[in-house]
Amino acid sequence: MKIQLAHNFEDIVSLDNLLEAWPEFLKGKREKKDVQEFSFRLMDNVISLHYDLVYHIYKHDGYQAFSIQDPKPRNIHKASVRDRLLHRAIYRRLYPFFDKTFIADSFSCRIGRGTHKALDRFRLVAFRASENNTRTCWILKCDVKKFFASIDHGILISILQKYIPDKDILWLLGTVISSFPGLGQKTGLPLGNLTSQLFANIYMNEFDQFVKHRLKAKYYIRYADDFVLLSESRAWLGAQIPAIDNFLQRELKLTLHPQKISIKTLASGVDFLGWVHFSDYRVLRTSTKKRMLRRIRRRSSLSTANSYLGLLRHGSTYKLREEVLKQHLSN
């Protein structure tokens, strides 16, 4: 039997939790008009939200849609301030519990486990898989096609039921999950929701456990919907692809992106998380490098240049750092 969430419904929807969630939600949003309007009558708004939740008459509002380039086009859906405050209140109670159920090599949207940690872990795992760069290290790299838009609501709720005995919490989570239809009426999570990040990791944790305990993969790293398996045997990696694809389709109704499945040696360079990794160094992906220099030419503020210089410290980028400084100073 899986471990169970100890929190009850009141722990999430209490006035204390909602009010404690407010300053966390507020960070970086104080100047937003909708946030200021909600803040003007904060106590009235929070009490109203609390009342609707306690009496199960809460309804999730719709979403405001817009697109960003990150670097490929992404559709973001932004919920109302009221709903986003609730998302924060849910997150602060559920995240500490579920984070303990995740494997160590799951990254993205986890405290202390961002991109840089994933890159460092990749370097260490590659070093071990290649036995200190003395053996050929093969790497299977895959990602899931239209991941967030394909998450099945029914499957997600059934996973949550394994961990959460409180029926009222399940009602609340179901309300949030069903507030957004993706590719179909009962699929998809909006990229703009804080809860979506947590739900996505809970969903893919089923796959993580399969890879570690059923496939017995010794070296495996996942960052959101991108993942790699490392081995000294190319044949073993190739044999895992059908099993991986079958599990994702059968258990999670997800599909591997057919154009993004590759098996390469580390020595030939493996593109993962924006960097091309080799045995003893990594370089920034060419497309990322071009986009960075283009942005600096268009907007050469000191903070932008420093941000990129901070990123570049994580790889072999001496010449590129020189170019960033040159571009910044010439504008």
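It should be emphasised that the depicted structure is a prediction, and the values quoted were computed from it without experimental measurement. (Residues numbered from 1 in each chain as written. Predicted model: local features only at pLDDT ≥ 70, side-chain atom pairs only at ≥ 80, totals over all residues. Heavy atoms only, no water.)

**Concerning the side chain of arginine 82**
1) Next: Among the secondary structure elements, arginine 82 is positioned in helix 5 (residues 81–99).
2) Next: Since its relative accessible area comes to 17%, arginine 82 is described here as buried. (Helix = DSSP H or I, 4+ residues; strand = E, 2+ residues; numbered from the N terminus. Buried < 20%, exposed > 50% of the residue type's maximum accessible area, 1.4 Å probe, protein only.)

**Some points on the packing of helix 2 (residues 15–26) against helix 5**
1) Next: The geometry of helix 2 relative to helix 5 is characterised by a closest axis approach of 8 Å and an angle of 105° between their N-to-C directions. When the interaxial angle is binned, helix 2 and helix 5 end up roughly perpendicular. When helix 2 is examined against helix 5, the residues Asn17, Leu18, Glu20, Ala21, Trp22, Glu24 and Phe25 are found in contact with a partner set consisting of Val81, Arg84, Leu85, Arg88, Ala89, Arg92 and Arg93.
2) Next: Grouping the amino acids of the contact of helix 2 with helix 5 by side-chain chemistry returns seven nonpolar, one polar and six charged. (Axes fitted to C-alpha atoms, helices over the stretch in contact; angles between N-to-C directions. Parallel < 35°, antiparallel > 145°, perpendicular 65-115°, else oblique. Contact = heavy atoms within 4.5 Å. Nonpolar A, V, L, I, M, F, W, Y, C, P; charged D, E, K, R; others polar.)

**A closer look at the packing of aromatic side chains**
1) Next: If you walk through the whole model with that rule in mind, you get 18 aromatic pairs.
2) Next: Ring geometry for phenylalanine 97 and tyrosine 163: centres 6.2 Å apart, planes at 75°, overall edge-to-face. Here phenylalanine 97 is found in helix 5, whereas its partner tyrosine 163 is found in helix 8 (residues 153–163), with 66 residues between them in sequence.
3) Next: With relative accessibility at 13%, the residue phenylalanine 97 sits in the buried group.
4) Next: Here phenylalanine 210 and phenylalanine 247 contribute two aromatic rings whose centre-to-centre distance is 4.2 Å and whose plane-to-plane angle is 10°, an arrangement assigned as stacked. In this pair, phenylalanine 210 sits in helix 10 (residues 194–214) while phenylalanine 247 sits in helix 11 (residues 234–252), placing the two residues 37 residues apart along the sequence. (Phe/Tyr/Trp six-rings, centres within 6.5 Å; stacked < 30°, edge-to-face > 60°.)

**Points about helix 6 (residues 115–129)**
1) Next: Taking 1.5 Å of rise per residue, the 15 residues of helix 6 would be expected to cover 21 Å, and the 21 Å separating its terminal C-alpha atoms lies within 8% of that figure.
2) Next: Note on helix 6: the residue one or two positions beyond its end, glutamate 131, has a positive phi of about 50°. (Expected span 1.5 Å × (residues − 1).)

**Considerations on the nonpolar core**
1) Next: Judged by nonpolar contacts, the single largest core of 69 residues is most densely connected at Phe98, Leu160, Phe207 and Leu252.
2) Next: Both domains that furnish three or more residues to this core are identified here as domain 1 (1–101) and domain 2 (105–151 + 189–280).
3) Next: Ranked by size, the runner-up nonpolar core spans 21 residues in total, among them Cys137, Tyr219, Tyr223 and Val270. (Core = buried A, V, L, I, M, F, W, Y, C linked by side-chain atoms within 4.5 Å. Domains from an automatic or database assignment.)

**Structural notes on the sheet that holds strand 9 (residues 275–277)**
1) Next: The strand order across the open sheet formed by three strands is 8-9-10, and the pairing between neighbours is antiparallel. Only two strands of the sheet have a single partner each, and these edge strands are strand 8 (270–272) and strand 10 (282–284). Sheet twist, expressed as the mean angle between neighbouring strand axes with direction ignored, is 30°.
2) Next: As paired strands, strand 9 and strand 10 are joined by three bridges and run antiparallel to one another. Bridge pairing in strand 10 links valine 276 to valine 283. (Pairing = 2+ DSSP bridges.)

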